[in-house]
Amino acid sequence: MSNSFTIVLDDQHTLKDICGVQDENLIALEQALEARIFTRGNELILDSEDAEVQADFSEVIRQIKEHQRIGHTPDPELVRTIHKTVAVEKEGKGDLLKELHITIPSSPKVFPRNIRQAQFIEGMSNYDICFAIGPAGTGKTYLAVAYALKEILERRKKKLILTRPVVEAGESLGFLPGDLTQKISPYLRPLYDAMDDLLPLQVINKLEESRIIEIAPLAYMRGRSLKDSYIVLDEAQNTTREQMKMFLTRIGEGSKAIITGDVTQIDLPKSQNSGLLHAQNVLQSVEEIFFTHFNYQDVVRNPIVKKIVRAYENESKR
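These figures come from a predicted structure and were not determined experimentally. (Residues numbered from 1 in each chain as written. Predicted model: local features only at pLDDT ≥ 70, side-chain atom pairs only at ≥ 80, totals over all residues. Heavy atoms only, no water.)

J.: Could you clarify how one ought to interpret the packing of aromatic side chains in this entry?
T.: Aromatic rings considered in pairs are described by the distance between their centres and by the relative angle of their planes. Under the definition given, this model contains five aromatic pairs. Ring geometry for tyrosine 127 versus phenylalanine 290: centroids 5.2 Å apart, planes at 35°, classification tilted. Highlighted residues: tyrosine 127 in the loop between α6 (115–126) and β4 (129–133) and phenylalanine 290 in strand β9 (residues 289–293), separated in sequence by 163 residues. Taking the relative accessible area as the measure of exposure, tyrosine 127 reaches 27% and is therefore partly exposed. In this structure, lysine 150 is placed above the aromatic ring of tyrosine 147, and the distance from its NZ or CZ to the ring centre is 4.9 Å. (Phe/Tyr/Trp six-rings, centres within 6.5 Å; stacked < 30°, edge-to-face > 60°. Helix = DSSP H or I, 4+ residues; strand = E, 2+ residues; numbered from the N terminus. Buried < 20%, exposed > 50% of the residue type's maximum accessible area, 1.4 Å probe, protein only. Lys NZ or Arg CZ within 6 Å of the ring centre and 35° of its normal.)

J.: I'm lost on the pairing of strand β2 (residues 36–40) in this one. Help?
T.: Side-chain direction in a regular strand flips from residue to residue, so the side chains alternate between the two faces of the sheet. When β2 meets strand β3 (residues 43–47), the two strands line up antiparallel, connected through five bridges. From the neighbouring strand, phenylalanine 38 faces β3, where its bridge partner is isoleucine 45. With antiparallel pairing between neighbouring strands as the criterion, β2 and β3 make up a hairpin whose turn holds two residues, including glycine 41 at a positive phi of roughly 65°. (Pairing = 2+ DSSP bridges.)

J.: What is the right way to look at the pairing of strand β7 (residues 229–233) in this model?
T.: β7 sits mainly inside the fold: five of its five residues count as buried. Burial along β7 is two-sided: Ser229, Ile231 and Leu233 facing one way and Tyr230 and Val232 facing the other are all buried. Relative to β7, strand β5 (residues 159–164) runs parallel, the two sharing five bridges. The residue of β7 that forms the bridge with isoleucine 161 is isoleucine 231. Judged from the four bridges that link them, β7 and strand β8 (residues 256–261) form a sheet pairing that is parallel. Paired with leucine 233 across the strands is isoleucine 259, a residue of β8. Read from β7 through helix α11 (residues 241–248) to β8, the crossover connection turns out right-handed. (Right-handed = clockwise from strand over helix to strand, strands pointing away.)

Shown next as structure tokens:
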């Protein structure tokens, strides 16, 4: 490999993190650079004589090492995102991935896994109302809950309110067993899944018992004025226009709201228009409101999910 390019790393531990489990990070970088990469001792060897590819390789490895330094263990999605910012966008956005993260007390840091997630975190930091719109698997709900938990655990807000519209599928809430919390809990499962991943169960239970975390169906928000709270409205594509307006006008002094939804999965009756679609059209020009638009390229679940989302997007355009 007389035309190869070699980077010497500090130690084997750094090399192991860069390569990833079963070399998954290295494989992702090979695919991005369209060149083979080998390891020898504590060296990474790029089999390419292309000066631009060598420069991109060097910069990607430098940025991966920066992420390691701040405690962000690299994965294939991060490798692909760094390469994209280095080799394609050339916009200097790579720093967002290191600078913007969510620190929840007594929990591991939550790092963005792509530029769009980083921009969403930035929006939540700077705006009182944030919309995150995009397909399943892009991390909308997870990041919204993580940021809201950070705010209440740092005592920046007094209460976290989790809500979503209840779009019933042949079974009325009134006939489900249990009290209101037990009735609505299945509908809020994605929000609980995010919390379970971020905090120990006993901490979540304690926060609920002390009413610092409150769950409520969207219909029960009417007439309330929510002060010093962080409010997360999930599955907002299933709100009606009237419900969305009602929700947005509940936000009181010192409160912030995050609204997430996927406009490709609207379960409302055909006769009703989505409140999320309407809000997107009406409020897009309001400077004090932040919108993040995710697409299939931002999916961070199993790679097959990205292909599934893309296939459905293509089918809808026919």
